[in-house]
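Chain by chain, the residues:
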Amino acid sequence: MAACVEIRGAGRTYASERGPVVALRGVDLDVREGEFLALLGPSGCGKSTLLRCIAGLDRASEGEVRLRGRPVEEPPEGLGMVFQRDVLVDWRSIRDNVLLAAEFQGLARRDHAARADALLARFGLGAFADRRPWELSGGMRQRAAICRALLCEPAILLMDEPFGALDAMTRDDLNVELARIQQDGGRTVVFVTHSIPEAVYLADRVAVMSPGPGRVVEVIDVDLPRPRPLALRESPEFARHVRAIRALFARLGVAKD
């Protein structure tokens, strides 16, 4: 399968009052077209920094990041992103927040209004389209943020720990919906998480990162069939993958749940 994203020797160093801070060093990774790849690692290992480099929101200090053969120097077209926080605009309705994705790209709202409503309905927000963000729960707000990222039908979806602050039941629900969306659309997804079970449930491959400065120490294939019901997480095969990744973190000196 062809590579969608190619990362070679990528590093990222930030300046600080106490001197240089090395967030990433020597990262090598390919993301294949149409796959769901999870970036998994402890807090502070540079997962979010690597995702921002792929998104063109940050630039590698060394090495290179290429998207379909082209160096990433600014946010590329055909890419959607969901952040840790929903970043909704409080004075706009939920529908208008979703339509921001079209406005940012200079596209006509009227051409995307029907898709916005369809996405909101799919994520259980149809009845809340005219509400303001502060009237919704955290899980509902994050659903709206995903709708916004999907509005212009991006071929690549980048997600930075989008479910980390949600309760377990809401997180499970969104995991199932995200897996369905990725399979239905065939889009490429790069998903940052610090949860081993979440990475195994969602991903085709899991890229395990070391403690900072972050680098990819191993990429693990998840050979579990799709579609994946939540009950799969109780299976011996699922547990085998979780144990293998947990053992890898133990060898890295990191305790993971």
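I will try to describe carefully the structure that is included in this document. (Residues numbered from 1 in each chain as written. Predicted model: local features only at pLDDT ≥ 70, side-chain atom pairs only at ≥ 80, totals over all residues. Heavy atoms only, no water.)

Another aspect to go through is a nonpolar patch on the surface. On the surface, a nonpolar cluster with roughly 230 Å² of combined accessible area is contributed by Leu-57, Phe-83 and Val-87. Structurally, the position occupied by Leu-57 is in the loop between α1 (47-55) and β4 (62-67). (Patch = residues over 30% accessible without salt bridge, like charges linked within 9 Å, V, L, I, M, F, W, Y side chains within 5 Å. Areas by Shrake-Rupley, 256 points an atom, 1.4 Å probe, with all protein chains shown as cover. Salt bridge = Lys/Arg side-chain N within 4 Å of Asp/Glu carboxyl O. Helix = DSSP H or I, 4+ residues; strand = E, 2+ residues; numbered from the N terminus.)

Further remarks concern the pairing of strand β1 (residues 3-14). Looking down a regular strand, the side chains alternate between one sheet face and the other. Sheet analysis places β1 next to strand β2 (residues 21-32), joined by eight bridges and oriented antiparallel. Looking across to β2, one finds that Tyr-14 is bridged to Val-21. The pairing of β1 with β4 spans five bridges and is antiparallel. For Ile-7, the partnering residue across the bridge sits in β4 and is Val-65. (Pairing = 2+ DSSP bridges.)

Taking 1.5 Å of rise per residue, the 13 residues of helix α4 (residues 138-150) would be expected to cover 18 Å, and the 19 Å separating its terminal C-alpha atoms lies within 8% of that figure. Taken across its 13 residues, α4 has 12 buried, putting it largely inside the fold. Considered for burial, the residues of α4 that qualify are Gly-139, Met-140, Arg-141, Gln-142, Arg-143, Ala-144, Ala-145, Ile-146, Cys-147, Arg-148, Ala-149 and Leu-150. Of the surrounding secondary structure, the elements contacted by the buried residues of α4 are β6 (79-82), α2 (94-104), α3 (113-122), β7 (156-160) and α5 (168-185). (Expected span 1.5 Å × (residues − 1). Buried < 20%, exposed > 50% of the residue type's maximum accessible area, 1.4 Å probe, protein only. Contact = heavy atoms within 4.5 Å.)

What holds strands together in a sheet is hydrogen bonding between their backbones, with the strands either parallel or antiparallel. Sheet architecture is open: six strands sit in the order β6-β7-β8-β3-β9-β10, paired in mixed fashion. Pairing within the sheet leaves two strands with one partner each, and these edge strands are β6 and β10 (216-221). Adjacent strand axes in the sheet meet at a mean angle of 15° when their direction is disregarded. Pairing between strand β3 (residues 36-40) and strand β8 (residues 188-193): five bridges, direction parallel. Of the residues in β8, the one forming a bridge with Leu-40 is Thr-193. (Axes fitted to C-alpha atoms, helices over the stretch in contact; angles between N-to-C directions.)

Here the focus is unusual backbone geometry. In this structure, Pro-213 follows Gly-212 across a cis peptide bond, with omega equal to -5°. Residue Arg-226 is joined to Pro-227 through a cis peptide bond whose omega torsion reads -5°. Inspection of the secondary structure puts Pro-227 in the loop between β10 and α7 (236-251). With a phi close to 50°, Glu-153 is a non-glycine residue in the positive phi region. Relative to the elements of secondary structure, Glu-153 occurs in the loop between α4 and β7.

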